[in-house]
Amino acid sequence: MKKQQNLLRVKTRKTVSKPQKSKLTVLGLISAMFVMAFSCTSMGQLWWKQAFAFFDLQTKPIAEEQYPLNIYTLSVGKADAIVISCEGEYALIDAGTVDKAEDVEVALKQIQADKLKVAFASHPDHDHIGGLPHVLQNLPAECFVQPDFPEELTKNNEEQKKLEDILQKENITITKAKRGDIFQVGSAKIEVIGPVEEYVSTNNYSLVLKLTYKDFSMLFCGDIEEKAEIDLLKANADLTADVIKIAHHGSKTSSSKAFLQAVEAKYAIISTGADRNHLPRTEVLQRIEEQGLMIYRTDLEGTINVSYAENKITITTEKVK
(Lines give C-alpha, C1' and ligand atoms only; values in the text may rest on other atoms or scores of the structure.)
Protein backbone atom coordinates (compact mmCIF):
# COMPACT_ATOMS: atom_id res chain seq x y z
CA MET A 1 0.00 0.00 0.00
CA LYS A 2 1.33 3.40 -0.87
CA LYS A 3 2.21 5.80 1.89
CA GLN A 4 -0.86 7.75 2.92
CA GLN A 5 -0.60 11.50 2.83
CA ASN A 6 -1.64 13.38 5.92
CA LEU A 7 -3.70 16.21 4.48
CA LEU A 8 -4.97 17.78 7.69
CA ARG A 9 -2.07 17.46 10.11
CA VAL A 10 1.39 18.63 9.10
CA LYS A 11 4.81 18.79 10.63
CA THR A 12 6.55 21.98 11.60
CA ARG A 13 10.11 22.34 10.45
CA LYS A 14 12.40 24.57 12.43
CA THR A 15 15.86 25.70 11.45
CA VAL A 16 18.09 27.07 14.21
CA SER A 17 21.34 28.82 13.39
CA LYS A 18 23.86 30.48 15.63
CA PRO A 19 23.67 34.27 15.34
CA GLN A 20 26.72 36.16 14.22
CA LYS A 21 27.55 39.71 15.24
CA SER A 22 28.08 42.11 12.39
CA LYS A 23 27.42 45.74 11.53
CA LEU A 24 24.50 46.45 9.22
CA THR A 25 26.05 47.91 6.10
CA VAL A 26 24.37 50.42 3.85
CA LEU A 27 24.23 47.79 1.12
CA GLY A 28 22.52 45.34 3.48
CA LEU A 29 19.98 47.97 4.51
CA ILE A 30 19.17 48.82 0.90
CA SER A 31 18.82 45.10 0.09
CA ALA A 32 16.47 44.58 3.04
CA MET A 33 14.33 47.55 1.97
CA PHE A 34 14.15 46.19 -1.57
CA VAL A 35 13.05 42.74 -0.36
CA MET A 36 10.38 44.30 1.86
CA ALA A 37 9.04 46.44 -0.97
CA PHE A 38 9.09 43.51 -3.40
CA SER A 39 7.25 41.30 -0.91
CA CYS A 40 4.36 43.78 -0.79
CA THR A 41 3.68 43.44 -4.52
CA SER A 42 1.45 40.70 -5.99
CA MET A 43 4.44 39.35 -7.92
CA GLY A 44 6.48 39.26 -4.73
CA GLN A 45 3.76 37.46 -2.79
CA LEU A 46 3.49 34.86 -5.55
CA TRP A 47 7.28 34.39 -5.56
CA TRP A 48 7.32 33.76 -1.79
CA LYS A 49 4.43 31.27 -2.08
CA GLN A 50 6.29 29.36 -4.79
CA ALA A 51 9.51 29.41 -2.77
CA PHE A 52 7.79 28.03 0.33
CA ALA A 53 6.03 25.40 -1.74
CA PHE A 54 9.31 24.38 -3.43
CA PHE A 55 11.13 23.87 -0.14
CA ASP A 56 7.99 22.29 1.43
CA LEU A 57 8.05 24.66 4.38
CA GLN A 58 5.09 23.90 6.59
CA THR A 59 3.72 25.34 9.78
CA LYS A 60 0.60 24.25 11.56
CA PRO A 61 -2.30 21.84 11.42
CA ILE A 62 -5.24 23.08 9.38
CA ALA A 63 -7.95 21.11 11.17
CA GLU A 64 -9.70 23.70 13.32
CA GLU A 65 -12.52 21.61 14.72
CA GLN A 66 -13.44 24.18 17.37
CA TYR A 67 -15.34 25.94 14.58
CA PRO A 68 -18.88 24.73 13.87
CA LEU A 69 -18.25 24.92 10.11
CA ASN A 70 -15.09 23.81 8.31
CA ILE A 71 -14.66 23.43 4.56
CA TYR A 72 -11.47 21.65 3.50
CA THR A 73 -10.27 21.94 -0.09
CA LEU A 74 -7.83 19.04 -0.11
CA SER A 75 -4.51 19.18 -1.91
CA VAL A 76 -5.01 16.42 -4.49
CA GLY A 77 -3.24 17.84 -7.54
CA LYS A 78 -5.19 19.06 -10.57
CA ALA A 79 -8.40 17.63 -9.24
CA ASP A 80 -11.17 18.37 -6.74
CA ALA A 81 -11.87 16.88 -3.32
CA ILE A 82 -13.75 19.03 -0.81
CA VAL A 83 -14.80 17.97 2.69
CA ILE A 84 -17.52 19.85 4.56
CA SER A 85 -17.82 19.46 8.33
CA CYS A 86 -20.74 21.13 10.10
CA GLU A 87 -21.85 20.44 13.66
CA GLY A 88 -20.85 16.78 13.59
CA GLU A 89 -22.17 15.98 10.11
CA TYR A 90 -20.07 15.58 6.98
CA ALA A 91 -20.36 15.98 3.22
CA LEU A 92 -17.96 15.33 0.36
CA ILE A 93 -17.81 17.08 -3.00
CA ASP A 94 -15.75 14.91 -5.37
CA ALA A 95 -12.78 12.75 -4.36
CA GLY A 96 -10.00 13.47 -6.82
CA THR A 97 -8.33 10.88 -9.02
CA VAL A 98 -8.04 7.15 -8.28
CA ASP A 99 -4.51 7.49 -6.90
CA LYS A 100 -5.69 10.09 -4.33
CA ALA A 101 -8.59 8.02 -2.98
CA GLU A 102 -6.78 6.80 0.12
CA ASP A 103 -5.62 10.33 0.90
CA VAL A 104 -9.21 11.56 0.84
CA GLU A 105 -10.28 8.69 3.11
CA VAL A 106 -7.48 9.51 5.56
CA ALA A 107 -8.49 13.19 5.58
CA LEU A 108 -12.07 12.23 6.49
CA LYS A 109 -10.88 9.96 9.28
CA GLN A 110 -8.69 12.73 10.70
CA ILE A 111 -11.79 14.78 11.44
CA GLN A 112 -13.54 11.73 12.89
CA ALA A 113 -16.02 11.39 10.03
CA ASP A 114 -17.57 7.93 10.36
CA LYS A 115 -20.22 8.48 7.68
CA LEU A 116 -21.27 11.01 5.07
CA LYS A 117 -24.56 12.83 5.20
CA VAL A 118 -24.24 13.39 1.47
CA ALA A 119 -21.64 12.72 -1.22
CA PHE A 120 -21.70 14.87 -4.35
CA ALA A 121 -20.12 14.11 -7.72
CA SER A 122 -19.90 17.50 -9.40
CA HIS A 123 -19.63 15.83 -12.82
CA PRO A 124 -18.38 12.50 -14.21
CA ASP A 125 -14.74 13.33 -15.03
CA HIS A 126 -11.88 11.20 -13.70
CA ASP A 127 -10.28 14.00 -11.67
CA HIS A 128 -13.52 14.45 -9.74
CA ILE A 129 -15.05 10.97 -9.39
CA GLY A 130 -11.96 8.73 -9.65
CA GLY A 131 -11.57 8.41 -5.88
CA LEU A 132 -15.27 8.15 -5.01
CA PRO A 133 -15.66 4.36 -5.36
CA HIS A 134 -12.91 3.72 -2.79
CA VAL A 135 -14.22 6.33 -0.37
CA LEU A 136 -17.83 5.12 -0.60
CA GLN A 137 -16.73 1.53 -0.04
CA ASN A 138 -15.06 2.52 3.21
CA LEU A 139 -17.33 5.29 4.46
CA PRO A 140 -21.12 4.89 4.32
CA ALA A 141 -23.10 7.68 2.68
CA GLU A 142 -26.76 8.40 3.33
CA CYS A 143 -27.20 10.09 -0.03
CA PHE A 144 -25.30 10.31 -3.33
CA VAL A 145 -25.95 13.24 -5.67
CA GLN A 146 -24.86 13.84 -9.26
CA PRO A 147 -26.06 16.04 -12.16
CA ASP A 148 -28.92 14.88 -14.35
CA PHE A 149 -26.79 14.45 -17.47
CA PRO A 150 -27.71 12.30 -20.51
CA GLU A 151 -26.46 8.72 -20.27
CA GLU A 152 -24.78 8.97 -23.67
CA LEU A 153 -22.27 11.43 -22.21
CA THR A 154 -20.80 8.66 -20.07
CA LYS A 155 -21.34 5.54 -22.21
CA ASN A 156 -17.54 5.00 -22.52
CA ASN A 157 -16.66 6.38 -19.11
CA GLU A 158 -15.04 3.60 -17.04
CA GLU A 159 -14.83 5.74 -13.89
CA GLN A 160 -18.57 6.43 -13.98
CA LYS A 161 -19.35 2.74 -14.54
CA LYS A 162 -17.17 1.72 -11.60
CA LEU A 163 -18.82 4.36 -9.44
CA GLU A 164 -22.31 3.15 -10.35
CA ASP A 165 -21.29 -0.45 -9.58
CA ILE A 166 -20.09 0.55 -6.10
CA LEU A 167 -23.23 2.57 -5.43
CA GLN A 168 -25.32 -0.45 -6.35
CA LYS A 169 -23.18 -2.76 -4.22
CA GLU A 170 -23.42 -0.42 -1.22
CA ASN A 171 -27.15 0.08 -1.81
CA ILE A 172 -26.79 3.85 -2.23
CA THR A 173 -29.43 5.43 -4.45
CA ILE A 174 -28.31 7.92 -7.09
CA THR A 175 -30.09 11.26 -6.74
CA LYS A 176 -30.05 13.25 -9.97
CA ALA A 177 -30.03 16.82 -8.75
CA LYS A 178 -32.30 19.51 -10.09
CA ARG A 179 -32.03 23.26 -9.68
CA GLY A 180 -33.54 24.24 -6.34
CA ASP A 181 -32.79 20.95 -4.56
CA ILE A 182 -31.52 21.50 -1.02
CA PHE A 183 -29.37 19.18 1.10
CA GLN A 184 -28.72 19.69 4.80
CA VAL A 185 -25.40 19.11 6.60
CA GLY A 186 -25.73 20.13 10.22
CA SER A 187 -27.26 23.60 10.07
CA ALA A 188 -25.59 24.27 6.71
CA LYS A 189 -27.83 24.33 3.65
CA ILE A 190 -26.39 23.23 0.30
CA GLU A 191 -28.55 24.36 -2.60
CA VAL A 192 -28.24 23.23 -6.22
CA ILE A 193 -28.32 26.35 -8.40
CA GLY A 194 -26.97 24.80 -11.60
CA PRO A 195 -26.88 23.49 -14.24
CA VAL A 196 -29.80 25.43 -15.66
CA GLU A 197 -29.60 24.21 -19.28
CA GLU A 198 -28.67 21.10 -21.26
CA TYR A 199 -25.13 20.80 -22.62
CA VAL A 200 -22.90 18.68 -24.81
CA SER A 201 -19.98 18.60 -22.36
CA THR A 202 -19.66 17.08 -18.90
CA ASN A 203 -17.87 20.21 -17.67
CA ASN A 204 -20.88 22.44 -18.22
CA TYR A 205 -23.13 19.82 -16.63
CA SER A 206 -21.22 20.35 -13.36
CA LEU A 207 -23.28 20.87 -10.25
CA VAL A 208 -23.08 24.46 -9.05
CA LEU A 209 -23.64 24.34 -5.31
CA LYS A 210 -24.13 27.17 -2.84
CA LEU A 211 -23.53 26.48 0.83
CA THR A 212 -25.19 28.82 3.31
CA TYR A 213 -24.57 28.79 7.06
CA LYS A 214 -25.91 31.70 9.09
CA ASP A 215 -24.40 34.81 7.42
CA PHE A 216 -21.73 32.85 5.53
CA SER A 217 -21.90 31.45 2.01
CA MET A 218 -19.57 29.63 -0.36
CA LEU A 219 -20.00 28.79 -4.03
CA PHE A 220 -18.70 25.54 -5.58
CA CYS A 221 -18.48 25.61 -9.38
CA GLY A 222 -17.14 22.21 -10.47
CA ASP A 223 -15.67 22.61 -13.96
CA ILE A 224 -18.27 24.91 -15.51
CA GLU A 225 -17.07 26.99 -18.43
CA GLU A 226 -18.18 30.37 -19.74
CA LYS A 227 -21.29 29.02 -21.53
CA ALA A 228 -22.71 27.63 -18.27
CA GLU A 229 -21.68 30.81 -16.44
CA ILE A 230 -23.62 32.95 -18.92
CA ASP A 231 -26.66 30.70 -18.55
CA LEU A 232 -26.56 31.07 -14.76
CA LEU A 233 -26.43 34.85 -15.14
CA LYS A 234 -29.36 34.81 -17.58
CA ALA A 235 -31.34 32.65 -15.14
CA ASN A 236 -30.79 35.26 -12.41
CA ALA A 237 -29.28 32.66 -10.12
CA ASP A 238 -28.22 34.00 -6.72
CA LEU A 239 -24.46 33.59 -7.09
CA THR A 240 -23.37 35.93 -4.31
CA ALA A 241 -20.98 34.32 -1.85
CA ASP A 242 -18.19 35.18 0.57
CA VAL A 243 -15.91 32.49 -0.90
CA ILE A 244 -15.79 31.00 -4.39
CA LYS A 245 -14.18 27.71 -5.29
CA ILE A 246 -12.87 28.67 -8.73
CA ALA A 247 -14.12 26.52 -11.60
CA HIS A 248 -12.05 24.13 -13.70
CA HIS A 249 -8.81 24.49 -11.71
CA GLY A 250 -8.22 28.00 -13.05
CA SER A 251 -8.65 27.23 -16.76
CA LYS A 252 -8.95 30.20 -19.11
CA THR A 253 -12.36 29.00 -20.36
CA SER A 254 -13.91 29.65 -16.94
CA SER A 255 -14.21 32.46 -14.39
CA SER A 256 -15.35 35.18 -16.76
CA LYS A 257 -15.33 38.76 -15.54
CA ALA A 258 -19.13 39.00 -15.53
CA PHE A 259 -19.43 35.81 -13.49
CA LEU A 260 -16.87 36.91 -10.90
CA GLN A 261 -18.58 40.28 -10.60
CA ALA A 262 -21.91 38.58 -9.91
CA VAL A 263 -20.45 36.40 -7.16
CA GLU A 264 -18.97 39.39 -5.29
CA ALA A 265 -16.71 37.11 -3.24
CA LYS A 266 -13.90 38.18 -0.94
CA TYR A 267 -11.85 35.00 -1.25
CA ALA A 268 -11.06 32.65 -4.14
CA ILE A 269 -9.81 29.08 -3.74
CA ILE A 270 -8.17 27.23 -6.62
CA SER A 271 -7.63 23.47 -6.50
CA THR A 272 -4.88 22.57 -8.94
CA GLY A 273 -1.47 21.00 -9.40
CA ALA A 274 1.40 20.79 -11.85
CA ASP A 275 0.42 19.53 -15.31
CA ARG A 276 0.88 20.36 -18.99
CA ASN A 277 -1.90 22.99 -18.96
CA HIS A 278 0.01 25.24 -16.53
CA LEU A 279 -3.01 25.98 -14.37
CA PRO A 280 -4.14 28.35 -13.05
CA ARG A 281 -3.74 30.50 -16.13
CA THR A 282 -2.29 33.98 -15.75
CA GLU A 283 -5.30 35.66 -17.36
CA VAL A 284 -7.62 33.98 -14.86
CA LEU A 285 -5.52 35.10 -11.92
CA GLN A 286 -5.57 38.63 -13.33
CA ARG A 287 -9.36 38.59 -13.65
CA ILE A 288 -9.70 37.39 -10.06
CA GLU A 289 -7.25 39.99 -8.75
CA GLU A 290 -9.04 42.77 -10.66
CA GLN A 291 -12.15 41.95 -8.61
CA GLY A 292 -10.13 42.37 -5.41
CA LEU A 293 -10.31 38.76 -4.23
CA MET A 294 -7.64 37.18 -2.03
CA ILE A 295 -6.41 34.02 -3.78
CA TYR A 296 -5.56 30.69 -2.14
CA ARG A 297 -4.07 27.83 -4.17
CA THR A 298 -3.63 24.19 -3.20
CA ASP A 299 -0.57 23.84 -5.48
CA LEU A 300 1.25 26.49 -3.45
CA GLU A 301 -0.35 26.30 0.00
CA GLY A 302 -1.54 22.72 0.31
CA THR A 303 -4.92 21.88 1.80
CA ILE A 304 -7.00 24.97 2.55
CA ASN A 305 -9.53 25.17 5.38
CA VAL A 306 -12.28 27.79 5.41
CA SER A 307 -13.77 28.04 8.92
CA TYR A 308 -16.69 30.11 10.12
CA ALA A 309 -17.91 31.06 13.59
CA GLU A 310 -19.45 34.14 15.21
CA ASN A 311 -19.51 36.22 12.02
CA LYS A 312 -15.82 35.55 11.39
CA ILE A 313 -14.25 33.78 8.40
CA THR A 314 -10.88 32.16 9.11
CA ILE A 315 -8.78 30.65 6.31
CA THR A 316 -5.93 28.35 7.30
CA THR A 317 -3.45 26.78 4.89
CA GLU A 318 -1.32 23.67 5.25
CA LYS A 319 1.84 25.42 4.07
CA VAL A 320 3.12 28.83 5.05
CA LYS A 321 1.59 31.71 3.11
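One can find the structure itself at the top, above this paragraph.
Residues numbered from 1 in each chain as written. Predicted model: local features only at pLDDT ≥ 70, side-chain atom pairs only at ≥ 80, totals over all residues. Heavy atoms only, no water.

(A) Structural context of the packing of aromatic side chains. With the rule as written, the count across this model stands at four aromatic pairs. Plain terms: the ring middles of Phe120 and Phe183 are 5.5 Å apart, the flat faces sit at 90 degrees to each other, and that makes the pair edge-to-face. Of the two residues, Phe120 sits in strand 4 (residues 118–120) while Phe183 sits in strand 7 (residues 182–185), which places them 63 residues apart along the sequence. Residue Phe183 is classed as buried on the basis of its relative accessible area of 12%. (Phe/Tyr/Trp six-rings, centres within 6.5 Å; stacked < 30°, edge-to-face > 60°. Helix = DSSP H or I, 4+ residues; strand = E, 2+ residues; numbered from the N terminus. Buried < 20%, exposed > 50% of the residue type's maximum accessible area, 1.4 Å probe, protein only.)

(B) The nonpolar core, seen in detail. Core analysis: the largest hydrophobic core is formed by 31 residues, its most contacted members being Leu69, Ile71, Ile84, Phe120, Leu211, Phe216 and Phe220. In contact with Leu211, other than residues within four places in its own chain, are Leu69, Ile71, Ile84, Ala188, Lys189, Ile190, Phe216, Ser217, Met218 and Phe220. Listed in part, the 28 residues of the second largest apolar core include Val83, Tyr90, Ile111 and Leu167. (Core = buried A, V, L, I, M, F, W, Y, C linked by side-chain atoms within 4.5 Å. Contact = heavy atoms within 4.5 Å.)

(C) Local environment of the pairing of strand 15 (residues 312–317). Direction of pairing for strand 14 (residues 304–309) relative to strand 15: antiparallel, over a ladder of six bridges. Within the sheet, the bridge partner assigned to Ser307 lies in strand 15 and is Thr314. (Pairing = 2+ DSSP bridges.)

(D) Representation of the environment of Pro280. Tracing the chain through its elements places Pro280 in the loop between strand 12 (267–270) and helix 9 (282–290). Its relative accessible area of 7% is what places Pro280 among the buried residues. Between the C-alpha atoms of Pro280 and Gly250, which are 30 residues apart in sequence, the distance is 4.1 Å. Ignoring any residue separated from it by four or fewer positions in sequence, one finds Pro280 in contact with His249, Gly250, Ile270, Thr272, Leu285, Arg297 and Asp299.

(E) Looking closely at the side chain of Thr97. Here Thr97 shows up in the loop between strand 3 (89–93) and helix 3 (101–110). With relative accessibility at 14%, the residue Thr97 sits in the buried group. Within the local environment of Thr97, its side chain forms a polar contact with the side chain of Asp99, the two groups lying 2.5 Å apart. Once you skip the residues sitting within four places of it in the chain, Thr97 turns out to touch Ala79, His126, Asp127, Gly130 and Gly131. (Polar contact = N/O pair within 3.5 Å; in protein donor to acceptor, adjacent residues only side chain to side chain.)

(F) Local environment of the sheet that holds strand 4. Taken in spatial order, the eight strands line up as 6-5-4-3-2-1-14-15 in an open sheet, and their pairing is mixed. Both edges of this open sheet fall to strand 6 (174–177) and strand 15, since each of them pairs with a single strand only. Neighbour-to-neighbour, the strand axes of this sheet turn through a mean angle of 20 degrees, independent of strand direction. One ladder, built from five bridges, connects strand 1 (residues 69–73) with strand 14; its direction is antiparallel. (Axes fitted to C-alpha atoms, helices over the stretch in contact; angles between N-to-C directions.)

(G) A look at the sheet that holds strand 12. On the basis of which strands lie adjacent, the open sheet formed by seven strands has the order 7-8-9-10-11-12-13 and mixed pairing. Each edge of the open sheet is held by one strand with a lone partner, namely strand 7 and strand 13 (294–297). Taking each pair of neighbouring strands and ignoring which way they run, the sheet shows an average axis angle of 20 degrees. Bridging between strand 8 (residues 188–194) and strand 9 (residues 208–213) involves five bridges; their strand directions are antiparallel. Of the residues in strand 9, the one forming a bridge with Gly194 is Val208. Running over the sheet, helix 9 touches strand 12 and strand 13 and is turned about 140 degrees from strand 13.

(H) Seen up close, the environment of Pro150. As for its placement among the helices and strands, Pro150 is situated in the loop between strand 5 (144–147) and helix 6 (158–169). Between the C-alpha atom of Pro150 and that of Tyr199, which follows or precedes it by 49 residues, the distance is 9.1 Å.

(I) Seen up close, empty space enclosed by the protein. The final tally for this structure, using the stated rule, is one cavity of 30 Å³ or more. Roughly 50 Å³ of internal volume is contained in the largest cavity. Lining the largest cavity are Asp80, Ile82, Ile93, Asp94, Ser122, Leu207, Leu209, Phe220, Cys221, Gly222 and Lys245. Here the residues of the lining of the largest cavity sort into six nonpolar, two polar and three charged. (1 Å grid on protein atoms, 1.4 Å probe; cavity = no way out; pocket = protein on both sides within 12 Å on 5 of 7 lines; lining within 4 Å. Points joined across faces, edges and corners; volume = space filled by probe spheres on them. Nonpolar A, V, L, I, M, F, W, Y, C, P; charged D, E, K, R; others polar.)

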